[in-house]
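# Report on the structure
One letter stands for each residue in the lines below.
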Amino acid sequence: MSLIKIVDEPIDTEVLTKSLIHNEFGGVDIFIGNIRQYTDDIETEKIEYSTYKAMAEKEMQKLADTVLAKGMDVVMVHRVGELQLGDIAVFIGVAAPHRAEAFENCQMLIDSLKKTVPIWKKEYDKDKIRWGGLE
Amino acid sequence: MKVKLFSVLAEKIGPTIELDLPQVFKSSEVLDQIKEKHPDYADVLNQSLVAVNEEYTNEEDISLDSVDEIAIIPPVSGG
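Taking an unreviewed UniProt entry as the reference, chain B is identified by name as Molybdopterin synthase sulfur carrier subunit belonging to Companilactobacillus mishanensis. Listed under Sequence similarities (unreviewed entry) in UniProt, the entry text for chain B is "Belongs to the MoaD family."

Under an unreviewed UniProt entry, the name given to chain A is Molybdenum cofactor biosynthesis protein MoaE, and the source organism is Companilactobacillus mishanensis.

Spelled out as C-alpha cells, the structure:
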C-alpha cells in the first residue's frame, strides 16, 4: 500500500505505478517531476538534491496521512543526490475511487511537498550555481 | 549544543555549528547566534526556520532539556 520515502537511486515509475492499482480505486493520478533544461533563458546542466532525511520523510508522511485518512492510497518518493537532465526527481501518485479526488489530492501533495519538506536543490546552471528556494 | 545545518549553510559553514543556548530559548535566538558568527549568511538565515526534534518550531519557548536535535531549515526547494 502506501509508500513514502527518500531514495538516492533512480525512481522506477513502473513499479510505483503498479503499486497504486487496486480494485477499489478507479482512478490513479501521477505527478512526475524531472530535471528541466531551460528555465526562461537559464540553462541547467544538473541538480544536486540534499535532504534532512529523517525530518523530510516525517513531513512527507504527514502530508500523505491527510490523504490516506480519506481512504485513498498514496505514493511519494523523492530522489536525492546528483541528477542529470531528464532524471526523475519526484514521483507522487494518488489512487482514489474517482478521478476528481485523485487529481485534487495529487496536486495538493506536490504543492505541499515543495513548501514544507526539507529537501534542497543546488542547481548547476550554465552561467552559475543557484540554490533553490532563496529569495 | 550542536546544531545541524543543511543546503547552502552546510556547504558554506559546515554540517554542524556549536552554539551555547540558554535553558529556555526561542528559535529566533538560535538564528541570531549563527548570524553573529556568520554575518555573511544573515540573508539566508533570515529566510530559514528552526526544527527541534525533527519538527518545525514557531515562536514558542523551547526548553533545552526537551531538545535532542536542532536543525536550521533554509527555504526548501524539493520537487
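Following the structure, the description resumes.
All names here are of chain A. The terminal C-alpha atoms of helix H3 (residues 99-116) lie 26 Å apart, and with 18 residues this matches the ideal 26 Å at 1.5 Å per residue to within 8%. Along H3, the positions that sit buried rather than exposed are Ala-102, Asn-105, Cys-106, Leu-109 and Leu-113. Down the axis of H3, the buried set is contained in an arc of 105 degrees. They therefore lie on one face. Where H3 is buried, its residues contact strand S2 (27-34), helix H2 (53-68), strand S5 (73-79) and strand S7 (88-96).

Turning our attention to the sheet that holds strand S4 (residues 49-52) of chain B. All names here are of chain B. Taken in spatial order, the 5 strands line up as S2-S1-S7-S4-S5 in an open sheet, and their pairing is mixed. Both outer strands of the open sheet, strand S2 (16-18) and strand S5 (55-56), are each paired with one neighbouring strand and no more. Note that strand S1 (residues 2-4) and S2 share 3 bridges and pair antiparallel. Bridge pairing in S2 places Lys-4 opposite Thr-16. Strand contacts of helix H2 (residues 27-37): S1, S2, S4 and strand S7 (70-73), with the helix running at about 115 degrees to S4, the strand carrying the most contacts.

Turning our attention to the sheet that holds S7 of chain A. Residue and element names in this part refer to chain A. With mixed pairing, 4 strands are arranged side by side in an open sheet as S1-S5-S7-S2. A single partner strand is all that each edge strand has here, and the edge strands are strand S1 (3-7) and S2. Along the sheet, successive strands turn relative to each other by an average axial angle of 5 degrees, direction set aside. Note that S1 and S5 share 5 bridges and pair parallel. Opposite Ile-4, over in S5, you have Met-76 as the bridge partner. Contacts from H2 reach S1, S5 and S7, with the element oriented near 155 degrees to S1.

Of the residues in chain B, 100% have a pLDDT of 70 or more, and the chain-wide mean is 97. Predicted as a complex, the structure gets a pTM of 0.97 and an ipTM equal to 0.96.

A few words now on the interface of chain A and chain B. Across the boundary between the two partners, chain A contributes 24 residues, which contact 15 residues of chain B. Counting residues per element, the ones that place at least two in the side of chain A that touches chain B are strand S4 (42-51), H2, S7, H3 and strand S8 (119-125) of chain A. Among the elements that line the side of chain A that touches chain B, the one with the most residues is H3 of chain A, at 4 residues. When the residues that make up the side of chain A that touches chain B are grouped by side-chain class, the tally is 14 nonpolar, 6 polar and 4 charged.

For the rest of this paragraph, the subject is the pairing of S7 of chain B. Residue and element names in this part refer to chain B. By the alternation rule, side chains of S7 split into Ile-70 and Ile-72 and Ala-71 and Ile-73, which are all buried. Sheet analysis places S1 next to S7, joined by 2 bridges and oriented parallel. Bridging from a neighbouring strand, Val-3 pairs with Ile-70 of S7. As paired strands, S4 and S7 are joined by 4 bridges and run antiparallel to one another. Along S7, the bridge assignment pairs Val-52 with Ile-70.

All names here are of chain A. Counting buried residues along S5, 7 of its 7 residues qualify, which places the element largely inside the surrounding structure. Of the two faces of S5, both are covered, the one formed by Asp-73, Val-75, Val-77 and Arg-79 as well as the one formed by Val-74, Met-76 and His-78. Across 6 bridges, S5 lies against S7 in antiparallel orientation. Note that in S7 the partner of Met-76 across the bridge is Ile-92.

Criteria and cut-off values
Residues numbered from 1 in each chain as written. Chains lettered and ligands numbered in written order. Predicted model: local features only at pLDDT ≥ 70, side-chain atom pairs only at ≥ 80, totals over all residues. UniProt positions renumbered as here; feature names shortened; annotations may be inferred. Helix = DSSP H or I, 4+ residues; strand = E, 2+ residues; numbered from the N terminus. Expected span 1.5 Å × (residues − 1). Buried ≥ 20, exposed ≤ 12 C-beta atoms within 10 Å, placed from the backbone. Arc of directions from axis to C-beta. Contact = placed C-beta atoms within 7 Å. Pairing = 2+ DSSP bridges. Axes fitted to C-alpha atoms, helices over the stretch in contact; angles between N-to-C directions. pLDDT = per-residue confidence, 0-100. Nonpolar A, V, L, I, M, F, W, Y, C, P; charged D, E, K, R; others polar.

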